[in-house]
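Examining the three-dimensional arrangement
One-letter residues, chain by chain:
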4 protein chains.
Amino acid sequence: MDDNSLIEFRRTLHQNAETAFLEFGTAARIEKALEGLPVTMQTGADAADLSPVVGLPDAQTVAKSIDAAIASGADPDRVRYFAEAGTAILATIVGDKPGPVWGIRTDIDALPVTESDEPDHVPAALGFNATNGAMHACGHDSHATMGVGLLHRLADRDFPGTVKIFFQPAEEGVRGAQPMIDAGAADDVDRMLAIHVAGDMAFGSVIGSFEGGMATRKFLVEFHGRASHAAGTPEAGRNALLAASMAASALMSIPRFSSADTRINVGTINAGTGVNIVPARATLTGEVRATDDEIVEELLARAIRIVEGSAHAYDVTHTFAVSGQSATLTPDDSVIDLLVASSEQDERITSIERSEMLAGSDDANLLIRHVQQRGGVGAYCMVGASSPGPHHSSTFDLDERSISVGIGILERVIRTAPTGKL
Amino acid sequence: MDDNSLIEFRRTLHQNAETAFLEFGTAARIEKALEGLPVTMQTGADAADLSPVVGLPDAQTVAKSIDAAIASGADPDRVRYFAEAGTAILATIVGDKPGPVWGIRTDIDALPVTESDEPDHVPAALGFNATNGAMHACGHDSHATMGVGLLHRLADRDFPGTVKIFFQPAEEGVRGAQPMIDAGAADDVDRMLAIHVAGDMAFGSVIGSFEGGMATRKFLVEFHGRASHAAGTPEAGRNALLAASMAASALMSIPRFSSADTRINVGTINAGTGVNIVPARATLTGEVRATDDEIVEELLARAIRIVEGSAHAYDVTHTFAVSGQSATLTPDDSVIDLLVASSEQDERITSIERSEMLAGSDDANLLIRHVQQRGGVGAYCMVGASSPGPHHSSTFDLDERSISVGIGILERVIRTAPTGKL
Amino acid sequence: MDDNSLIEFRRTLHQNAETAFLEFGTAARIEKALEGLPVTMQTGADAADLSPVVGLPDAQTVAKSIDAAIASGADPDRVRYFAEAGTAILATIVGDKPGPVWGIRTDIDALPVTESDEPDHVPAALGFNATNGAMHACGHDSHATMGVGLLHRLADRDFPGTVKIFFQPAEEGVRGAQPMIDAGAADDVDRMLAIHVAGDMAFGSVIGSFEGGMATRKFLVEFHGRASHAAGTPEAGRNALLAASMAASALMSIPRFSSADTRINVGTINAGTGVNIVPARATLTGEVRATDDEIVEELLARAIRIVEGSAHAYDVTHTFAVSGQSATLTPDDSVIDLLVASSEQDERITSIERSEMLAGSDDANLLIRHVQQRGGVGAYCMVGASSPGPHHSSTFDLDERSISVGIGILERVIRTAPTGKL
Amino acid sequence: MDDNSLIEFRRTLHQNAETAFLEFGTAARIEKALEGLPVTMQTGADAADLSPVVGLPDAQTVAKSIDAAIASGADPDRVRYFAEAGTAILATIVGDKPGPVWGIRTDIDALPVTESDEPDHVPAALGFNATNGAMHACGHDSHATMGVGLLHRLADRDFPGTVKIFFQPAEEGVRGAQPMIDAGAADDVDRMLAIHVAGDMAFGSVIGSFEGGMATRKFLVEFHGRASHAAGTPEAGRNALLAASMAASALMSIPRFSSADTRINVGTINAGTGVNIVPARATLTGEVRATDDEIVEELLARAIRIVEGSAHAYDVTHTFAVSGQSATLTPDDSVIDLLVASSEQDERITSIERSEMLAGSDDANLLIRHVQQRGGVGAYCMVGASSPGPHHSSTFDLDERSISVGIGILERVIRTAPTGKL
């Protein structure tokens, strides 16, 4: 696929944006775009173990997304397959020389954002803006395209080692990386890379690796009490709404830590069914973050205690599930060296920094850390994309040249990096 | 219409149950059933002033209900008319002799309850159970039928005075009576009656009037804050969820009153949009009740203070709207006398009580009180209906003979009561 | 002792008012006033088992009260004895004929109220007002005097059966009756009476028995966390203040009961030591009440759950102790008959009611209930005393003739009541 | 005074430790130690304007402290004077050459800590430990001594310019500096220094200046509601305890800031008077801190909103007073240069750092900032003192040689610093 075809591919993904775990058409299109290449594709439980995942989309939403994907022109059988099996794809190509196993994380999901249809918004002006309430407002359409493009470039197999592209679902909510780890997809990786476009960096600038960030745990709590008529027999009720309210207040009172920057949020509460019914059910979602991986566990433990205590106080039962997670990132200098050196080869790249401390939480960090813990190395490259609007906003857009810039950086690293221990 | 036709009519309403302010098909059917009678019908703003009502169904729900009503066979034009104009009908018939103006409240809405389809549930066995998630689980189908049947009986105009049937929407939530009062529908009424089937009373028993009850105010609160990324700039957010949680806790701490029985409930909270966003919006519904009409106002005032304080504390704006209300009931002995005397004329009625203190809140009380405050009289008659399941449950059912019993009680009162000041 | 001596005795108690469990001088004076009578006195653990009582006065307060009692002229050795052994006295006199065992509860403690020293306050005008911050603002000085006076009258032993006077400490806080029950003091009682002056009833009026009332449980909660510097290491703290705040809010949200009138109060919170220290300790006191003895237990169980949950949420330990309690009262008609008949013999008594439903909580009810549960009977007589100020206020006072009225009612009942099963 | 006299002086202050605003004997002793020197002393409103200060000790505490100070041997008249006028002393000495005005802050108050009396605690072993519940557990006894010692050294007036020693009360709670600023004491200062012993730094080490720190605001909130009997008329109460509980929870939910490190603490709540009384009064103390002087104002504004909202919600009145405050510190390089150079002259000083970022809040920063804002310069020197226990603990102690080290650093700076604009 040449650059124009890749841009076409990206625009199709963009127009048919699909949110976390609903990337049915996206996965089908990726799969189809790789047809004919010397690539092994693993899907389903081989790519991601979704069995412990909570908060997956409900049947009605899945059905609606299947219909939409098919209506948009994706292969109906494959759409249904991915809806059944899960949307992660692990695409592996083996070079013709011995060498390390590379993992490259390219995430594929969109956000529940309604895209701008103003004429000054380029996708709208060019007619490929999404109109279904989802939007690639974080550039994952370009990442998926980089993965596809890179495999096309490497189809000559003229490189040492092996390259595994992690087409990861559900980066939003940091929910998709752990299932790929749980499926063993990263177990044999020696060098893990992630790549991301940065709308707030000018096109032509590159950062070798993001570092730091915040480890996070997202959680989903359900309180189950007992309904009763609020006037007739209020004493017969067990009030799940009050348990959730108490938990929300108490969660926000988890103290600051002197040894790390932390965050707490209760994102949503949905409780009760009617004005005159003692609320029997409440759902609460929240998250904790810290610039330290042990402290985020401590925050999670405190959150669990608070939820337990709130449920006990109101005599309701509860479930507490971690629905997403990520870690901090400590990239390896050796990998940054490779990425910087590769970037220097592209004359479009005019500004290169080795690394930068960034806020935010990306579960690519889990993949990189998993590889590091097994003796490997990793880093997370940022490619400037000059967006007019901020990430996650309805006017996010990207300089499409960043796609080929990203592919180029990765390709040169893979073809030319030393094959020995870094 | 004979008794069989009325039962047929009731079953049609039952099968096509419609909840508060969505009684489009129900109103169309009532209207049609009165065709050809010497009855004046007022609808729209003449029957109910909905302009101050909050929490009306949204456009999507209205559209869906229109479709369903038309699909069920109701007149499409009239369905659309009632969807536009409101579903209250004030049907007036004038007797051929001078006399008092009677008002009779017959409510017409159903509940958001899924009806049983078990074979031991009579409507299911006979094939007229509702299958759309709404259910006449409080017998309003029978009340609407009584109103229709009574007008047919009185079509001979052989009675003194005037009879106005208040086909009232939205009794559930106590939301429909006040708009009819606001429209002036009860301003000329001298004698206000309400009638209700009682599932927990055996068929054949009658209570002249319910009395007491709890005055109530239902309220709808919206908190509007400001969203922000919970990790990026938590300080930029204004947290509506926490305002709602604080309000919920504080509302429940409104003290007991030594001088009346009271109730407080926070029925629902819906807050926030995503786990990593500081929640910008929260909606809370609640209610206060008291066995005293001044104390319910005091409770409402305290609730308002709490909501104001919670909004102020979290620097969010808010709206507070009373979405439903009712009053306590003090029926008039003179009217009870009439209802008891009339009941004694029906040999099917084997047990008669003058009145009984009951819990619960019905906004017919507002109509009766309105009339009483203008010098009139009123009472609220209960007719035993032997339901196997409790009111508001999926197995509520009624002995359909209670319909003709109710019509008979009312008819005899109207035809025979003294016309002078009671 | 003649009436004047009794009045003198009452005034001495009044001037040296002592609050709950500090009635050292009061007990010493009662004991001394009974010297020479054919009365058996039980004190210490034989009269009241204080071992499970929580919240007893601290050593410093005890020492101060000992000094004050001695300074006021009470016998130093006996003051120290009662400070050590407890202040309950069970005084028994046996009649010369066989008959039932009577128990008569006369409470002896004062309130932490500063007495008026205005000239229109009779005790001040006559120079026997208390000046130590405690005050007999509920008339227990007169009750103790009735107990003493009755024993003097009965010293001739010309009555059937046995009379046991329960000089009970700590009625305020409903804390003294249970220890007397626990000591077995009421186990052999057949007929339990309590007597109380009523400031809001005119002198000359009597009510045979108070009835109803609210069962209550008072509780004392301590939360123990861990202090830490609020800026240096906030995460090292375990916040007892927040646990107490959460508990306070949640306690107030215990729902109304449809089947009884209830009350909840959190009376005090004392938490923390300094503005920049994460609070390690919090103390909370509260109470629940209900017009039903089972529901008060249910309320207590809910309070305990809330405290447990709050402590768990904040990872602090806690203790929960019931510090006071009482029950509702159902007096026996047979005993009311006796009290009414006796009252009719005193010409100063011009108005007699059999019984009246009253609010309030007195732990004499526990004694009466204990006797009833073992097959006995009981009632609680109210004697009008025409107080200018309300009970528990600084201007409470009583018509001192109510003392001899009360003694007379009791004396006649004991001398003349049938001795068989009532 | 030679070094031994100074150590003797410090030990006398140590043994008679006095907490914030109660430094009556301490002030009297400082004043006396300066007798005969060419020093002008300002006290009372000339040294500190206490009129806006909230939370000053109550009359009973003041009386007790007067007695204790006199009993310890301080001059009775001067003790009473300082109790009346305030305990700040501004001591000025003018050199015999023209030059800058130096301000030197030496704080004088102790902490409410009970000092160790274990034999391994040096003050206990040497018999000068405090036994009155207050303790110089932060070394202010040594600071006051440095101030006295420095004035003795400079009594020869052989230095350019003027030196003003700020003997400041109430550094604990950061309450004493602002009143000295308000009195104008720092208005003419060109170079403001503070000096502090550091128990966690080894003797022989010096840091030219502390920098950073946290700006802070301490606050005192009082809620005033209305008492009522919790069972009799709960509805008549206005519950201050619940307002305080709500405020406590909400204060802890003030969000983290992305742009600064922050702290929140609710240090104490004291509410209510009895278990069966609706609590009419509650007192809450708290603090906010930030590593940014604008953000601490924002935190304070949010705290005020929360308190206002909580009071409104429960219909109680409130007062909110800032009881203490401090700022962050940006020391001037020019002053650090002087302090470092001076330190290098003392052979006992073996380790010198220019500056260090420290947590904690000292209101000397307000003085330095005040001078900086008027065109002057300043810094805050730390002198190692090798304490076995941490600051604010019962085993804090200091190497007494740090006193002469500190005096020497200051003396050399004053005698030798350039007199022109730094």
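To keep things clear, this report deals only with the structure shown in the data block. (Residues numbered from 1 in each chain as written. Chains lettered and ligands numbered in written order. Predicted model: local features only at pLDDT ≥ 70, side-chain atom pairs only at ≥ 80, totals over all residues. Heavy atoms only, no water.)

Now for the overall build of chain A. Per the secondary structure count, chain A includes 12 helices and 14 strands. Relative to the compact-globule value of 22 Å for 422 residues, chain A shows a C-alpha radius of gyration of 22 Å, a close match. Seen through its C-alpha atoms, chain A measures out along the principal axes to roughly 75 × 50 × 40 Å. By the burial criterion, 62% of the 422 residues in chain A qualify as buried. In chain A, of all internal contacts separated by at least 6 residues, the share reaching a separation of at least 24 is 83%. (Helix = DSSP H or I, 4+ residues; strand = E, 2+ residues; numbered from the N terminus. Rg over C-alpha atoms; globule rule 2.2 N^0.38 Å. Buried < 20%, exposed > 50% of the residue type's maximum accessible area, 1.4 Å probe, protein only. Contact = heavy atoms within 4.5 Å.)

Our focus in this paragraph is the side chain of B:Thr43. Residues and elements named next belong to chain B. Topologically, Thr43 is positioned in the loop between strand E1 (40-42) and helix H3 (59-71). With a relative accessible area of 16%, Thr43 lands in the buried category. In this view, Thr43 contacts Tyr81, Phe82, Ala88 and Ile89; residues no more than four positions away in its chain are not counted.

Residues and elements named next belong to chain B. Packing of helix H2 (residues 24-33) against helix H4 (residues 76-85) brings their axes to within 8 Å, and their N-to-C directions diverge by 120 degrees. The orientation of H2 relative to H4 falls into the category oblique. In this structure, the crossing between H2 and H4 has a hand that is right-handed. In contact with Phe24, Gly25, Ala27, Ala28 and Glu31 of H2, H4 contributes Arg78, Val79, Phe82 and Ala83. Here the residues of the contact of H2 with H4 sort into six nonpolar, one polar and two charged. (Axes fitted to C-alpha atoms, helices over the stretch in contact; angles between N-to-C directions. Parallel < 35°, antiparallel > 145°, perpendicular 65-115°, else oblique. Left-handed = near helix turned anticlockwise from the far one by under 90°. Nonpolar A, V, L, I, M, F, W, Y, C, P; charged D, E, K, R; others polar.)

Tallying the contact residues gives 31 residues for chain B and 31 residues for chain A. With both sides pooled, the region where chain B packs onto chain A buries about 2500 Å², and carbon together with sulfur makes up 58% of that total. Where chain B touches chain A, the interface holds zero salt bridges. The tally of links between chain B and chain A comes to eight residue pairs in polar contact (both at pLDDT 80 or more). (Buried area = accessible area lost by both parts, 1.4 Å probe. Salt bridge = Lys/Arg side-chain N within 4 Å of Asp/Glu carboxyl O. Polar contact = N/O pair within 3.5 Å; in protein donor to acceptor, adjacent residues only side chain to side chain.)

Moving on, we get to the environment of A:Val266. In this structure, A:Val266 sits in strand E9 (residues 262-271). Taking relative accessible area as the criterion, A:Val266 reaches 1% and is therefore assigned buried. Once the C-alpha coordinates of A:Val266 and A:Pro52 are considered, the two residues, 214 residues apart in sequence, prove to be 22 Å apart. If sequence neighbours within four positions are ignored, A:Val266 has contacts with A:Ala248, A:Leu251, A:Met252, A:Leu284, A:Thr285, A:Gly286, B:Leu241 and B:Pro279.

On to the interface of chain D and chain A, then. How big an interface is tends to be stated in terms of the accessible area lost upon association of its parts. With 10 residues of chain D at the interface, the matching set in chain A holds 10 residues. Both sides together, the interface formed by chain D and chain A hides about 930 Å², and carbon and sulfur atoms give 43% of it. For chain D, the biggest contributors to the area lost against chain A are D:Met252, D:Arg256 and D:Arg263; these three give 62% of the whole. Here chain D is connected to chain A by zero salt bridges. Viewed at the interface, chain A and chain D are joined by six residue pairs in polar contact (both at pLDDT 80 or more). Looking at the side of chain D that touches chain A, the element that brings in the most residues is strand E9 (residues 262-271) of chain D, giving three residues. Broken down by class, the residue content of the side of chain D that touches chain A amounts to five nonpolar, three polar and two charged.

Positioned with a positive phi, A:Arg157 is a non-glycine residue whose angle comes to about 60 degrees. Relative to the helices and strands, A:Arg157 resides in the loop between helix H6 (140-153) and strand E4 (160-168). Residue classification places A:Arg157 among the partly exposed positions, given a relative accessible area of 34%. Phi at C:His392 is positive, roughly 70 degrees, even though this residue is not glycine. Assignment of secondary structure puts C:His392 in the loop between strand E14 (377-384) and helix H12 (401-416).

Bringing the relation of the copies chain B and chain A into the picture now. After a rotation of 180 degrees and a shift along the axis of 0.0 Å, chain B superposes on chain A with an RMSD of 0.1 Å. Such values leave the two copies arranged in the relation of a two-fold axis. Taken together, the interface assignments show that 100% of the residues at the interface of chain B recur at the interface of chain A, consistent with an identical surface on both copies. (Least-squares fit on C-alpha atoms with pLDDT ≥ 70 in both.)

This structure, assessed with the given rule, holds 120 salt bridges over all chains. Between B:Arg281 and B:Glu222 there is a salt bridge, with its nearest N and O atoms 3.0 Å apart. Residue B:Arg281 is located in strand E11 (residues 281-290), and its partner B:Glu222 is located in strand E7 (residues 215-224); the two are separated by 59 residues in the primary sequence. When the shortest N-O distance is used, the salt bridge between D:Arg289 and D:Glu287 registers 3.0 Å. The same class applies to D:Arg289 as to D:Glu287, namely buried. Members of the salt-bridge network, linked through shared partners, are A:Asp3, A:Arg153, A:Asp156, A:Glu411 and A:Arg415.

Turning to the sheet that holds strand E9 (residues 262-271) of chain C, a few remarks are in order. Across the sheet, which stays open at both edges, the eight strands sit in the order E12(C)-E7(C)-E11(C)-E9(C)-E9(D)-E11(D)-E7(D)-E12(D) with antiparallel pairing between neighbours. Taken across any chain shown, the strands that pair with only one partner, and hence form the sheet edges, are strand E12 (317-326) of chain C together with strand E12 (317-326) of chain D. Strand after strand, the sheet turns through a mean of 25 degrees between neighbouring axes, direction not considered. The pairing of E9(D) with strand E11 (residues 281-290) of chain D spans nine bridges and is antiparallel. Looking across to E11(D), one finds that D:Asn270 is bridged to D:Thr283. (Pairing = 2+ DSSP bridges.)

Counting across every chain of the model gives zero disulfides over all chains. D:Cys138 takes part in no disulfide bond, and the closest cysteine sulfur to it belongs to D:Cys381, at a distance of 15 Å. (Disulfide = S-S within 2.5 Å.)

For the rest of this paragraph, the subject is the relation of the copies chain D and chain A. Superposition record for chain D on chain A: RMSD 0.1 Å, screw rotation 180 degrees, translation along axis 0.0 Å. Both copies contact each other with a shared surface, as 100% of the interface residues of chain D are interface residues in chain A too.

That's the geometry; what it means functionally is another story.
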